[in-house]
Amino acid sequence: MDDALALAYLVRSTDVELAGVTTTWGNCTAEEAAANARHVLDAVGATHVRVASGSQPYSSWRRGDAHGPDGLGGTESPRPRWTGPTNAVETIIQFARDHAGAGELLCIGPLTNLSAALSQEPRLPVLLKRVVVMGGHGASTSEWLRQVGDTNTRHDPVASQHIASSELPILWIGIDVTRAVLLTNEDFGVGEPGRILRRIHQDYGVSRGAAYGYDPSDNWRVPAHDGVTASCFVDPVAAGLVAESGQLSVVDESDTGPALKVVGPGLHQIATGIDAAAVRTMLRRGTQ
């Protein structure tokens, strides 16, 4: 859902070249996510961007309802069953090799594909220039965050721990930071991309009112977690990103599941703050 916002923003940014998209399971299957990505990319004129689906869900996986029955809130016409490439892991590895020392990854879902790629190609920490990951709670001890949980980590805590323990050049951007940006109806434009993104986000925005402390009957709002991460990926200076070094590890939060949290010093960069107003302005480039 906010993945769609991130894709639209990346396509419309002149500061990055989107070389491809790989998908994994989370709120829907990897194949459904690939079909959704293709739908959004085509809607914003990025028909040339390659999409590859990846890993299958674990047997314990159960579809949630937060993002509707299909990962896009059930607002769009049914997408054709995915028959495109299914080699997400190999795609990540080949990208890193083809762009050795210059390629950058943005990870806004469970880390299953990246973990598998690192296992198959241990040189990824050297081949990749930068990896930006949306996940974790940083150093926050907020009870609100504990109750919300850490969805990407919860889906695949083993992969999350593998990546958190790696030497990949990672910047982690957690929910403690991304929660600062809530988009409203007025942030979505009247063009075709804006109308699609508004449809996708509206019901989710209404449903999150209680969790984020606003009255959805007055004006719905939607957390832009993946979009915030994308903005920090594209231009950390404009986004007002503040980060510090540290080590994340998966911590069992019992009733709300595993979450990535700061456990001490380390080599990775961990976001501690952003300029929320600046990020909101940046994201509007992709919502018009």
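Our structure is the block above this text.
(A) A look at the overall build of the protein. Scanning the protein from N- to C-terminus turns up 13 helices and 9 strands. In terms of overall size, the protein behaves like a compact globule, its C-alpha atoms giving a radius of gyration of 17 Å where 288 residues would be expected to give roughly 19 Å. Seen along its three principal axes, the alpha-carbon backbone of the protein occupies a region of about 45 × 40 × 40 Å. Counting only residues that meet the buried cut, the protein has 53% of its 288 residues in that class. Counting every atom, the protein has about 12400 Å² of accessible surface; 51% of that belongs to carbon and sulfur.

(B) The layout of surface pockets, seen in detail. The calculated volume of the second largest pocket comes to roughly 210 Å³. Residue lining of the second largest pocket: Glu31, Glu32, Ala35, Asn36, Asp70, Pro78, Arg79, Pro80, Arg81 and Trp82, and that is the complete set. For the lining of the second largest pocket, the class distribution of residues is 4 nonpolar, 1 polar and 5 charged.

(C) Up close: the pattern of salt bridges. Applying the stated criterion across every chain, the model contains 11 salt bridges. A salt bridge links arginine 123 to glutamate 121, with the shortest nitrogen-to-oxygen separation between them at 3.0 Å. It is possible to trace a salt-bridge network through shared partners that takes in Arg97, Glu121 and Arg123.

(D) Structural context of the sheet that holds strand 3 (residues 104-107). Read from one edge to the other, the open sheet built from 5 strands follows the order 3-4-5-9-8, with strand pairing classed as mixed. Either end of the sheet is taken by a strand with one partner, and the two such strands are strand 3 and strand 8 (242-252). Neighbour-to-neighbour, the strand axes of this sheet turn through a mean angle of 25 degrees, independent of strand direction. Strand direction decides the pairing type here: strand 4 (residues 130-134) and strand 5 (residues 170-173), joined by 4 bridges, are parallel. Within strand 5, the position partnered with methionine 134 by the bridge is isoleucine 173.

(E) Structural detail: the pairing of strand 8. Across 11 bridges, strand 8 lies against strand 9 (residues 258-273) in antiparallel orientation. Counterpart to valine 251 in the pairing with strand 9 is alanine 259. Taken together, strand 8 and the strand that follows it, strand 9, pair antiparallel across an intervening segment of 5 residues, in which serine 254 is found at a positive phi of about 60 degrees.

(F) The arrangement of the packing of helix 4 (residues 112-120) against helix 8 (residues 157-164) in detail. At a minimum axis separation of 8 Å, helix 4 and helix 8 run at an interaxial angle of 55 degrees. Classified by the interaxial angle, the pair formed by helix 4 and helix 8 is oblique. Of the two possible hands of crossing, helix 4 and helix 8 adopt the one that is left-handed. Between helix 4, through Thr112, Leu114, Ser115, Leu118 and Ser119, and helix 8, the contact on the second element is made entirely by Ala159, His162 and Ile163. Tallied by class, the residues present in the contact of helix 4 with helix 8 amount to 4 nonpolar, 4 polar and no charged.

(G) Region of interest: the state of the cysteines. In this structure the tally under the stated criterion is 0 disulfides. Cysteine cysteine 28 remains unbridged, with the sulfur of cysteine 107 as its closest cysteine sulfur at 17 Å. Of the cysteine sulfurs around cysteine 232, a residue in no disulfide, the closest is that of cysteine 107, at 15 Å. The class of cysteine 232 is buried, set by a relative accessible area of 0%.

(H) Focus on the pairing of strand 4. Counting buried positions along strand 4 gives 5 out of 5 residues, so the element sits mostly inside the fold. Where burial is concerned, the two faces of strand 4 agree: the one with Arg130, Val132 and Met134 and the one with Val131 and Val133 are both buried. Pairing of strand 3 with strand 4 involves 4 bridges; the strand directions are parallel. Pairing of glutamate 104 across the sheet is with arginine 130, part of strand 4.

Quick notes on the rules
- Residues numbered from 1 in each chain as written.
- Predicted model: local features only at pLDDT ≥ 70, side-chain atom pairs only at ≥ 80, totals over all residues.
- Heavy atoms only, no water.
- Helix = DSSP H or I, 4+ residues; strand = E, 2+ residues; numbered from the N terminus.
- Rg over C-alpha atoms; globule rule 2.2 N^0.38 Å.
- Buried < 20%, exposed > 50% of the residue type's maximum accessible area, 1.4 Å probe, protein only.
- Areas by Shrake-Rupley, 256 points an atom, 1.4 Å probe, with all protein chains shown as cover.
- 1 Å grid on protein atoms, 1.4 Å probe; cavity = no way out; pocket = protein on both sides within 12 Å on 5 of 7 lines; lining within 4 Å.
- Points joined across faces, edges and corners; volume = space filled by probe spheres on them.
- Nonpolar A, V, L, I, M, F, W, Y, C, P; charged D, E, K, R; others polar.
- Salt bridge = Lys/Arg side-chain N within 4 Å of Asp/Glu carboxyl O.
- Pairing = 2+ DSSP bridges.
- Axes fitted to C-alpha atoms, helices over the stretch in contact; angles between N-to-C directions.
- Parallel < 35°, antiparallel > 145°, perpendicular 65-115°, else oblique.
- Left-handed = near helix turned anticlockwise from the far one by under 90°.
- Contact = heavy atoms within 4.5 Å.
- Disulfide = S-S within 2.5 Å.

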